[in-house]
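Here is how the chains run, residue by residue.
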Amino acid sequence: NVGGQYVDFKPAAYLLVPPSIFPSGDGVYSFITQIRRRASKFRIIYVAGTDSSNRATGFLLHYGQFRSAWWNVNDVIFGTYAPNSIVSEVYNGSHRVDYVNSRLSSVLKYSGHDNLPSVGYIGKGTSDQNQFNGEMYYLVTSNAALTQVDRKLLEGVGQPTSQP
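What you see as residue numbers is a count from 1 along each chain, following the sequence as written. Local features in this predicted model are restricted to residues of pLDDT 70 or higher, and side-chain atom pairs are both shown and tallied only at a pLDDT of 80 or more, whereas totals for entire chains, interfaces and linings draw on every residue. Each side-chain value is derived from all of the structure's non-hydrogen atoms; neither hydrogens nor water enter the calculation.

1. Points about the pattern of salt bridges
- Any carboxyl oxygen of Asp or Glu that lies within 4 Å of a side-chain nitrogen of Lys or Arg is treated as forming a salt bridge with it. Counted under the stated rule, the structure contains 5 salt bridges.
- For D75, the salt bridge is made with R67, and the minimal N-O distance between the two is 2.5 Å.
- Exposure categories follow from relative accessible area, calculated using a 1.4 Å probe and restricted to protein chains: below 20% of the type maximum is buried, above 50% is exposed, and the middle band is partly exposed. Overall, R67 belongs to the buried group, its relative accessible area being 17%.
- As a salt-bridge pair, R151 and E155 come within 2.9 Å of each other at their nearest N and O atoms. Of this pair, R151 and E155 both sit in helix α1 (residues 148-155), 4 residues apart, which is roughly one turn of that helix. Residues R151 and E155 agree in their burial class; the two are buried. Here a helix means four or more residues in a row that DSSP labels H or I, a strand means two or more in a row labelled E, and each is numbered from the N terminus.

Here is the structure:
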């Protein structure tokens, strides 16, 4: 949708992304997304890896709440969906820190993630089940644990530093 500046994931629409876009192993990562609206209760926003315990990195809407998924174990359910929500997660190798609209939502200690490098999907899971069918303004992923300042800038709530 060019006028609205968002991606409208209609049923059966998704994006395929190369393995380098999402983190692998137990590597640090960050993601930030803004969801304009959703059309269903349980839908995957993005995923990479395999459908087995601790072997995937994914983010989805789970019946009105946000869920950061490592698949079947160590999943984190946090925050409540509302239209135009900005959602972020930063994993530094030992803690997953989640934010909704730039407010801290959860801090949980986790490790042992073993995501395999694989093709990723935006708008669906590794199978054709649980497709997103909603509207997203953006999805930012990083193979780095973003600082508070960088996270806030990417969320659009921070102030850029002035140039010398």
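2. Here's the deal with the packing of aromatic side chains
- Put simply, two rings from Phe, Tyr or Trp (the six-membered ring, in Trp's case) pair if the centres are within 6.5 Å, and we call them stacked under 30 degrees between planes, edge-to-face over 60, tilted for the rest. Per the counting criterion, the structure on display carries 7 aromatic pairs.
- Ring geometry for Y6 versus Y137: centroids 6.1 Å apart, planes at 85°, classification edge-to-face. In this pair, Y6 is assigned in the segment before β1 (7-8) and Y137 in strand β12 (residues 134-142), connecting sequence segments 131 residues apart.
- The buried category is assigned to Y6, whose relative accessible area is 11%.
- By relative accessible area, which is 27% here, Y137 ends up partly exposed.
- Centroid distance Y29 to Y91: 5.4 Å. Interplanar angle 40°. Geometry classified as tilted. With a gap of 62 residues between them, Y29 in strand β3 (residues 29-38) and Y91 in strand β8 (residues 85-91) connect regions that are remote in the sequence.
- Accessibility expressed as a relative area gives 1% for Y29, which makes it buried.

Scope: geometric values only; no functional claims are made or implied.
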